Amino acid sequence: MADAVEAIAGGAWPVAAASGTAGCQTAPAPQPIGSAGAAQNVFDFEAVAARNVPPAHFGFLQTGVDGEATLRANRTAFDDLYLNPRVLSGTARVDMSTELFGERWKTPIVLAPAGSQRAFHPEGEIATARAAGNQDNLQILSTVSTTSVEDVVAAYGGPVWYQLYPTASWDIAVALVARAEASGCRVLVLTVDSLGGEGTKETQARARSLDARNCSACHPSPDAYLARKPMFHGVDVSAADPALGWGANLDWEFVRRLSAHTSMKLVIKGVVTAPDAERCLENGADGIVVSNHGGRAVETGRGAIACLPAVVDAVSGQVPVLVDSGFRRGTDIYKGLALGASAVCVGRPYLWGLGAFGQPGVESVLTLLRAELEVVMRQMGAATLADIAPSSVRRHDGAGHIPARPAPG
Ligand SMILES: Cc1cc2nc3c(=O)[nH]c(=O)nc-3n(C[C@H](O)[C@H](O)[C@H](O)COP(=O)(O)O)c2cc1C
């Protein structure tokens, strides 16, 4: 492994080790690909991003928390599920469009919110927005973006969904919501899985020691973190209590208050159990993202795909359910859809594309995932998402209940 360590363009990440954290890489490219179009799968971007992106930033991209058991579970949970194909179905054309809150998207593949994208490429969220806009993929913008929501909406060519980290202060949350609303966003995604803090991002911390650059030039002090983020410009951040992180004090009353306050649809991201899904509905949520933050929040959790059926059952078609964490292949996305998701978000895959080649990298990741999903849908005899049969996905151990696919809410 030692001779796999490369030191190119300031990068010193063990490239061959990069795929290990993502899992499911059967035949890695013999050498990093030279262009976005040369990729066979999304993992091909990971090795290039490992080389291009400074080690401390790549560590931030890859990291899970603590021993990274949840991160691994997000991948291994897919191994429990197999596909039951349907031959001679005559499925020549596939329409994978999906409707969310009255708006139709060409594909159910969504770009999950991810902060600090200029850490991966100088164009950051702008490159991502252009790629997503060109391909008609829904993009969710993070509160801790390195580009303002106004600039992202302009680059995307229309409203994106806005992800909210509220902080412990209602006034700060309200200021962020007002700005998202004013820029045309119609859906607010409240992330709740990391409000009380996260485990330790050990991979990220270790990666810093590989980075010879002077970090303090860009990261002057932890106290200045919020003030440096464009979405907090003009917001009085003094009310954000650092001890309470993104809002350790918040409870369901906050969800009710937020839902009553905003004109946007409210989607709760980071739900993994049926009782919490029921609470979402009781407290005014319009949608749910089943997610464990890509293994970056709670450690020793269950793989997200394994959590999906219980949430779908609990919601029983009343609101749309999206899912993310660990989705890397068209087969993964198909399984998410068959288990009842209206759409599937991806995080690291498009960030690898961004770090590797900027906008063309993100576009290529989206194209690959769409092409892979299209093939699987044909193999399963599903011409549309509504045709996806729950029975086309089975568990190897025969255990567990896989619910019927409800109509999207
Ligand atoms: C580098 C990075 C930054 C992230 N930043 C945010 C964020 O600002 N807000 C948020 O709700 N989720 C954030 N997430 C979590 C993603 O939205 C998503 O849940 C996760 O990446 C999905 O897992 P995957 O990376 O395995 O696809 C981040 C994830 C990564 C990898």
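About the cut-offs
- Residues numbered from 1 in each chain as written.
- Predicted model: local features only at pLDDT ≥ 70, side-chain atom pairs only at ≥ 80, totals over all residues.
- Heavy atoms only, no water.
- Salt bridge = Lys/Arg side-chain N within 4 Å of Asp/Glu carboxyl O.
- Helix = DSSP H or I, 4+ residues; strand = E, 2+ residues; numbered from the N terminus.
- Buried < 20%, exposed > 50% of the residue type's maximum accessible area, 1.4 Å probe, protein only.
- Near = heavy atom within 4 Å.
- Polar contact = N/O pair within 3.5 Å; in protein donor to acceptor, adjacent residues only side chain to side chain.
- Areas by Shrake-Rupley, 256 points an atom, 1.4 Å probe, with all protein chains shown as cover.
- Nonpolar A, V, L, I, M, F, W, Y, C, P; charged D, E, K, R; others polar.
- Phe/Tyr/Trp six-rings, centres within 6.5 Å; stacked < 30°, edge-to-face > 60°.
- Core = buried A, V, L, I, M, F, W, Y, C linked by side-chain atoms within 4.5 Å.
- Contact = heavy atoms within 4.5 Å.
- Axes fitted to C-alpha atoms, helices over the stretch in contact; angles between N-to-C directions.
- Left-handed = near helix turned anticlockwise from the far one by under 90°.
- Pairing = 2+ DSSP bridges.

A.B. asks: Help me out: how do you make sense of the pattern of salt bridges in this one?
C.D. replies: Close approach of charged atoms allows side chains with opposite charge to pair. All told, the structure shown has eleven salt bridges when counted by the stated rule. One salt bridge in this structure joins R75 and D332, with 2.9 Å as the shortest N-O distance. One end of the pair, R75, is in helix α4 (residues 69-79); the other, D332, is in helix α13 (residues 330-338), and 257 residues separate them in sequence. Residues R75 and D332 agree in their burial class; the two are buried. When the shortest N-O distance is used, the salt bridge between R186 and E103 registers 3.1 Å. Placement of R186 in the loop between α7 (170-182) and β7 (187-191) and of E103 in strand β3 (residues 103-105) is noted, with a sequence separation of 83 residues between them. Since its relative accessible area comes to 48%, R186 is described here as partly exposed.

A.B. asks: Would you mind going over the site of the ligand with me for this structure?
C.D. replies: Taken together, 25 residues sit near the ligand, with P113, S142, T191, D324 and R328 positioned nearest. Between a nitrogen atom of the ligand and a side-chain N or O atom of Q163, the distance comes to 3.2 Å. In the model, an oxygen atom of the ligand is placed 2.9 Å from a nitrogen or oxygen of the G326 main chain. Here the ligand has 600 Å² of accessible area as a free molecule, and 98% of this is covered by the chains. Broken down by secondary-structure element, the contributors of at least two residues to the shell around the ligand are α3 (55-62) and α14 (348-357). Its residues assigned to classes, the shell around the ligand comprises ten nonpolar, ten polar and five charged.

A.B. asks: Quick question: what am I supposed to make of the packing of aromatic side chains here?
C.D. replies: Scanning the entire structure with this criterion turns up eight aromatic pairs. Ring geometry for W170 and F254: centres 5.8 Å apart, planes at 85°, overall edge-to-face. With W170 in helix α7 and F254 in helix α10 (residues 252-261), this residue pair connects regions lying 84 residues apart in the sequence. Residue class for F254 comes out buried when judged on its relative accessible area of 9%. Aromatic rings pair up to connect Y165, Y225 and W246 into one cluster.

A.B. asks: Help me out: how do you make sense of the nonpolar core in this one?
C.D. replies: Within the largest apolar cluster, 114 residues are counted, with the highest numbers of intra-cluster contacts made by F45, W161, Y162, L308 and Y334. Setting aside chain neighbours within four positions, we find Y162 in contact with L141, S142, T143, V149, L176, A180, C185, V187, L188, V189 and M231.

A.B. asks: Sorry if this is basic, but what is going on with the packing of helix α11 (residues 274-282) against helix α12 (residues 304-315) here?
C.D. replies: The relative placement of two packed helices is expressed as an angle between their axes plus a distance between the axes. One way to put it is that α11 packs onto α12 with a least axis distance of 8 Å and a crossing angle of 35°. Judged by the sense of rotation from one axis to the other, the crossing of α11 with α12 is right-handed. For the pair formed by α11 and α12, the contact residues are A274, A277, E278 and L281 on the first element and A310, V311, A314 and V315 on the second. Its residues assigned to classes, the contact of α11 with α12 comprises seven nonpolar, no polar and one charged.

A.B. asks: So what exactly am I meant to see when it comes to the sheet that holds strand β5 (residues 140-141) here?
C.D. replies: Pairing between sheet strands relies on hydrogen bonds along the backbone, with the strands arranged either parallel or antiparallel. Spatial ordering of the open sheet is given by β4-β11-β10-β9-β8-β7-β6-β5, a layout of eight strands whose pairing is parallel. Sheet topology places β4 (109-111) and β5 at the edges, where each strand pairs with a single neighbour. As paired strands, β5 and strand β6 (residues 161-164) are joined by two bridges and run parallel to one another. Across the sheet, the residue bridging to L141 is Y162, located in β6.

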